[in-house]
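# What the coordinates show
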Amino acid sequence: MAGGSPKHHQLENQRKRITWILGVSGLCIVFYVLGAWQGSTAPTKPSEVYNRIGCQPGLSTNEDQSSSSSSSSSSLPVELDFESHHRVEINRTSEAQKFPPCDIQYSEYTPCQDPIRGRKFDRNMLKYRERHCPKKEELLLCLIPAPPKYKTPFKWPQSRDYAWYDNIPHKELSIEKAVQNWIQVEGDRFRFPGGGTMFPRGADAYIDDINKLIPLTDGSIRTAIDTGCGVASWGAYLLKRNIVAMSFAPRDTHEAQVQFALERGVPAMIGIMASQRIPYPARAFDMAHCSRCLIPWHKYEGMYLIEVDRVLRPGGYWILSGPPIRWKKYWRGWERTQEDLKEEQDAIENVAKSLCWKKLIEKDDLSIWQKPINHIQCIKSRKVYKTPHICKSDNPDAAWYRDMETCITPLPEVSSEEEVAGGSVEKWPERAFAVPPRISSGSIPGITDEKFQEDNQVWKERVSHYKRIISPLTQGRYRNVMDMNAHLGGFAATLTKYPVWVMNVVPAKSEKDTLGIIYERGFIGTYQDWCEAFSTYPRTYDLIHAGNVFSIYQDRCDITYILLEMDRILRPEGTVVFRDTVEILVKIKSITDGMRWKSQIMDHESGPFNPEKILVAVKTYWTAQPQKSQEQQ
């Protein structure tokens, strides 16, 4: 047949098409696998994370600092470049701005607790020591410098007892508190003997004395608050008993108490009991402590004890040592009259009774009260104690710029006198992953038991991924960790196996207030509006996690100032992990490039097709230039 068989030509064409399709498909698969492999290869050595993101020393270096970022890697991953493909305008200052260092006088600048600004405010009730943040025109567009000889802090647990003098060059406490044995100067370092005003035998022995009176080691007490913490030795020595304390003290005449605490690797923040609620939710702490903290508990209608009552969990303990406890023995040394001290103690006892607290014991220098597990009897007792009354309409968790009140925060209703108001929590460590009462009771809409378990699984996968891309996570390089948008506290829970603690931050005015859940899990945290500075000193965090923070704040304020605040509180060579959309991460990277950070955008742990990406950034090491003496000038 002329031209051959039509059937034969059809078969031949089909073979060619199939071969062509298989060939193209094979090439696509090969290139996809190759691309995914290049984009997701993660560093495995502790130093590789810095090399992978190109971290190099900055202005000034020393041998201790540059060693961690000087080694090289022969196989750098391909950096994901979205700059030319993603353009979005975010409220911020100029593009590709280079930020100069601030003057060395700002080395310990705390924007919202600046003593100079504070002098302008009312001294009544110590309001001038509360948060007073700078106005927009007062904000600094420069980088807070580290002291000229700044060194990487000691690793935990050595840091509990030692800190470099050059990192916090203040000898005032070692002189003013010499008798109380808070801190000593030994050559180029500080040593923290664990002493305190009311524990001359050391914090460890003092805590043992408390343990003889209430159970500190059976897991029933996990979260604590230390008002007027000094250098936080009480909190430091509680950690080995699996109790985590939120220690706070004002920025006052004793320089840098909170800074010393954080340099030691102990949880702390700047704060004071004055006229506003402390920034923690109701029913947060299992134990509260005051060791000669100088808070006038009996004044202002007992308002400060009422605030402690708000943040104490049902059945929680309040511990008081120092004036006026044991006044019959110490009154001469306290330079007060016996009548004055007796009157103060009687007043404190009366306030505690009116709160329905039970005094458990007064032994030696310690007095301990316990809050009731519910308010059934307390409501009945209002016939005897007319004041303080129980608040009628109040959000007990509201604590961001909220004035204290002189009424008792009501506990959730119960059906019997044996029931714990709001629900009981598991003992530690089971508490970390048990469903918190606020979730099981359905008190936060949209957060269910299933959502809680899903969140735990998500964080298990995330931290497993972080271990590959920031491997010092498991090496003890990080101690002070912050989660800027903590949600349910899953990051902190997954990190419990590592030698770190996490400051869990719930942004103020969040759609869902989850900070109470975090405390019910046995972790600590605070409320914060990231349009303002955080209540801490510079260089106090090693690792910061910022998950979708900038999606929340991009329309609220200039994100440049949020990033400058992160630079202020981050230690030299500290790490930040951002999670957000590509558009936002590109903008963040363009700003941090001008802040001397080295960063790289990486794929989501689930692969390249997830629209959320990860930006890992490292703050380079640089310091202020040493000031020349007048003779040199």
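In short, a report on the structure. (Residues numbered from 1 in each chain as written. Predicted model: local features only at pLDDT ≥ 70, side-chain atom pairs only at ≥ 80, totals over all residues. Heavy atoms only, no water.)

Counting buried positions along helix H9 (residues 303–311) gives nine out of nine residues, so the element sits mostly inside the fold. Of the positions making up H9, those classed as buried are Met303, Tyr304, Leu305, Ile306, Glu307, Val308, Asp309, Arg310 and Val311. In this structure, the buried residues of H9 make contact with strand S7 (285–291), strand S8 (312–321) and helix H11 (338–354). (Buried < 20%, exposed > 50% of the residue type's maximum accessible area, 1.4 Å probe, protein only. Helix = DSSP H or I, 4+ residues; strand = E, 2+ residues; numbered from the N terminus. Contact = heavy atoms within 4.5 Å.)

Along the chain, Asp603 turns up in the loop between strand S16 (597–602) and strand S17 (612–619). Taking the C-alpha atoms as reference points, Asp603 and Ile614, separated by eleven residues in sequence, lie 6.1 Å from one another.

Before going further, it helps to examine the nonpolar core. Counting residues in hydrophobic clusters, the biggest one holds 147 residues, and the most contacted among them are Met287, Trp297, Trp318, Met482, Phe550, Met566 and Phe578. For Phe550, the contacting residues outside a window of four places in its chain are Ile559, Ile562, Leu563, Met566, Phe578, Asp580, Ile584 and Ile588. Judged by nonpolar contacts, the second largest core, of six residues, contains Ile439, Ile444, Phe452 and Leu488. (Core = buried A, V, L, I, M, F, W, Y, C linked by side-chain atoms within 4.5 Å.)

Another point: the packing of helix H18 (residues 559–569) against helix H19 (residues 582–592). In contact at an axis separation of 10 Å, H18 and H19 are set at 60 degrees when each is read in the N-to-C sense. Here H18 is positioned oblique relative to H19, judged by the angle of their axes. Seen along the crossing, H18 lies across H19 with a hand that is right-handed. Across the interface between the two elements, Ile559, Thr560 and Leu563 of H18 pack against Ile588, Ile591 and Thr592 of H19. Here the contact of H18 with H19 is built from residues that sort into four nonpolar, two polar and no charged. (Axes fitted to C-alpha atoms, helices over the stretch in contact; angles between N-to-C directions. Parallel < 35°, antiparallel > 145°, perpendicular 65-115°, else oblique. Left-handed = near helix turned anticlockwise from the far one by under 90°. Nonpolar A, V, L, I, M, F, W, Y, C, P; charged D, E, K, R; others polar.)

We now examine the sheet that holds strand S2 (residues 184–186). Spatially, three strands are ordered S1-S3-S2 in an open sheet, and the strand pairing comes out antiparallel. One side of each edge strand has no neighbouring strand; the edge strands of this open sheet are strand S1 (162–164) and S2. For this sheet the average axis-to-axis angle between neighbouring strands, irrespective of direction, equals 30 degrees. For S2 and strand S3 (residues 189–191), the ladder comprises three bridges, and the chain directions are antiparallel. (Pairing = 2+ DSSP bridges.)

Our next topic: the sheet that holds strand S4 (residues 223–227). Taken in spatial order, the seven strands line up as S6-S5-S4-S7-S8-S10-S9 in an open sheet, and their pairing is mixed. Both outer strands of the open sheet, strand S6 (268–270) and strand S9 (358–363), are each paired with one neighbouring strand and no more. Each strand axis lies, on average, 20 degrees off the axis of its neighbour in the sheet, ignoring direction. Judged from the five bridges that link them, S4 and strand S5 (residues 244–249) form a sheet pairing that is parallel. When the bridges of S5 are listed, Thr227 appears paired with Phe248. On top of the sheet, H9 reaches S7 and S8; it is set at about 140 degrees to S8, its chief contact. Sitting on the sheet, H11 is in contact with S8, S9 and strand S10 (366–370), with an inclination near 150 degrees to S9.

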